[in-house]
Amino acid sequence: MKKLFVIACAFAAVIGCQKAEMEMPQENEGVKVPVQVTATIAQTKTTMTNEDGVLKSSWKDGDKIYVMQCRDELFDNECVDYEASVSEGVTEFIKNAEKDFSGPGTYASSRIKLYAMYPDNLGGLRVNNKSFTMAAEQTQAAPGDLSHIASDNILVALPTEVDWSKTPVDVNLEFMHALSVLELDLNASAAGVNISKILVDVTGGDESDYLVVTNGSFNLTNGAGGTMTKTSGVNSMILNLASVVELPVEDYAKFYMTITPGHAGQTFTVKVVTDMGETLEVGSMKVPAEGSIPQGAKAL
């Protein structure tokens, strides 16, 4: 049997944003107020690259972000989508049709905030209870390809500060990943090892700290990226490869899977399935009991 081994396992995510408390003036009650949006994604999303182990990317044409105006941190009573237009490295966000937000008016005494998400895949009306699910079976086009990670993204953002007395209102949104990324760098001890899929399991620690969430929610009002609740899920996942990959001997083949953060004290076990249908155990790595895989940072 040919020997396989894992060269490196890395857990990668991205930067977060700071929660902003905003006092609103009394003007503009019932009046539509144009909101001009800029959005930063310092180490995030769609056109994604791996630079020295850090996932970085930029917006691309057609990306849509969804900005919600919420009263008392509860209902998204108004939501406007903005579409990204990229030209010569400059991204402009154009709002949908003639939609605008209402001025805060007499609600100034209660806090009115703007939240945002990408894409529009979080359910529920309350920003303190946004539902989500994840895919337990993912597909990677080729070693090193990150397009499937971009498509599985869940990004959330809070604004830094809003002055509703201005026209238009300028809002700068800093997006962060709500989830994390598992990077596996694999090679083989001899040529001719062809694999068709990768299997990952987690065991030990808190068994309800699911690797993949089938029923979960975010409270976007807590902390930089919100608080995740994992109501139900599974502790194993499959990365299918679009075509059979021969593992290199001298170099490394990079594979990526979207996972949940957390997992303190749990052990990740990695297996591969060959093109002949044989399952081989590659190796394992334990997350320290005093630590965890975080949102908004890279953990080796």
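Everything below is about the structure printed above this text.
### Let's talk about the overall build of the protein chain
Broken down by element type, the protein chain carries one helix and 22 strands. Burial analysis of the protein chain (300 residues in total) assigns 48% to the buried set. Relative to all contacts within the protein chain whose residues are 6 or more apart in sequence, the contacts with residues 24 or more apart total 73%. Of the roughly 13,200 Å² of accessible surface on the protein chain, 48% is carried by carbon and sulfur atoms.

### Side note on the nonpolar core
The biggest cluster of nonpolar side chains holds 45 residues, and the ones touching the most others in it are I198, V200 and F255. Of all hydrophobic cores here, the second largest spans 24 residues; its members include V67, L114, A116 and W164.

### Examining the packing of aromatic side chains
Applying the stated rule across the entire model yields four aromatic pairs. When the centroid spacing of 5.4 Å and the interplanar angle of 90° are considered together, the rings of W59 and F93 count as edge-to-face. With a gap of 34 residues between them, W59 in the loop between strand 5 (54-58) and strand 6 (64-71) and F93 in strand 8 (residues 90-95) connect regions that are remote in the sequence. For the pair W59 and F93, a shared accessibility class is recorded, and that class is buried. Ring geometry for W59 against F175: centres 5.5 Å apart, planes inclined by 80°, an arrangement best described as edge-to-face. One end of the pair, W59, is in the loop between strand 5 and strand 6; the other, F175, is in strand 14 (residues 169-177), with 116 residues separating them in the sequence.

### Re the pattern of salt bridges
Counted according to the given criterion, the structure contains four salt bridges. A salt bridge links E183 to K254; the shortest N-O distance between them is 3.2 Å. Separated by 71 residues along the polypeptide, E183 in strand 15 (residues 180-188) and K254 in strand 20 (residues 253-259) bring together distant segments of the chain. Overall, K254 belongs to the partly exposed group, its relative accessible area being 28%. A salt bridge links D209 to K230, with the shortest nitrogen-to-oxygen separation between them at 2.3 Å. Here the residue D209 occupies a position in the loop between strand 16 (194-203) and strand 17 (212-219), and K230 occupies one in strand 18 (residues 227-234), the gap between them amounting to 21 residues. There is no split in this pair, since D209 and K230 are both buried. In the salt-bridge network here, residues are joined through shared partners; they are E183, D185 and K254.

### A look at the environment of S236
Within the secondary structure, S236 is located in strand 19 (residues 236-246). Each C-alpha atom of the pair S236 and E137 lies 9.2 Å from the other, and the pair is 99 residues apart in sequence. For S236, the contacting residues outside a window of four places in its chain are A136, V200, D201, L211 and V212.

### What about the sheet that holds strand 17?
Read across the sheet, three strands follow the order 11-17-18 without closing on themselves; strand pairing throughout is antiparallel. In this open sheet, the two edge strands, each paired with only one partner strand, are strand 11 (130-132) and strand 18. Here the strands of the sheet are splayed against their neighbours by 15° on average, with no regard to which way each runs. Relative to strand 18, strand 17 runs antiparallel, the two sharing seven bridges.

### Focus on the sheet that holds strand 21 (residues 267-274)
With mixed pairing, five strands are arranged side by side in an open sheet as 12-19-16-21-22. Either end of the sheet is taken by a strand with one partner, and the two such strands are strand 12 (137-140) and strand 22 (279-286). On average, each strand axis in the sheet is tilted by 20° relative to the strand beside it, whichever way the strands run. Sheet analysis places strand 16 next to strand 19, joined by seven bridges and oriented antiparallel. The partner of K197 across the bridge, within strand 19, is N240.

### Regarding empty space enclosed by the protein
Following the criterion strictly, the structure yields two cavities of 30 Å³ or more and no others. Approximately 50 Å³ is the volume found for the largest cavity. What lines the largest cavity is I149, D152, N153, I154, H177, L179, S180, V181 and T258. Tallied by class, residues from the lining of the largest cavity come to four nonpolar, four polar and one charged.

Rules and cut-offs
- Residues numbered from 1 in each chain as written.
- Predicted model: local features only at pLDDT ≥ 70, side-chain atom pairs only at ≥ 80, totals over all residues.
- Heavy atoms only, no water.
- Helix = DSSP H or I, 4+ residues; strand = E, 2+ residues; numbered from the N terminus.
- Buried < 20%, exposed > 50% of the residue type's maximum accessible area, 1.4 Å probe, protein only.
- Contact = heavy atoms within 4.5 Å.
- Areas by Shrake-Rupley, 256 points an atom, 1.4 Å probe, with all protein chains shown as cover.
- Core = buried A, V, L, I, M, F, W, Y, C linked by side-chain atoms within 4.5 Å.
- Phe/Tyr/Trp six-rings, centres within 6.5 Å; stacked < 30°, edge-to-face > 60°.
- Salt bridge = Lys/Arg side-chain N within 4 Å of Asp/Glu carboxyl O.
- Pairing = 2+ DSSP bridges.
- Axes fitted to C-alpha atoms, helices over the stretch in contact; angles between N-to-C directions.
- 1 Å grid on protein atoms, 1.4 Å probe; cavity = no way out; pocket = protein on both sides within 12 Å on 5 of 7 lines; lining within 4 Å.
- Points joined across faces, edges and corners; volume = space filled by probe spheres on them.
- Nonpolar A, V, L, I, M, F, W, Y, C, P; charged D, E, K, R; others polar.

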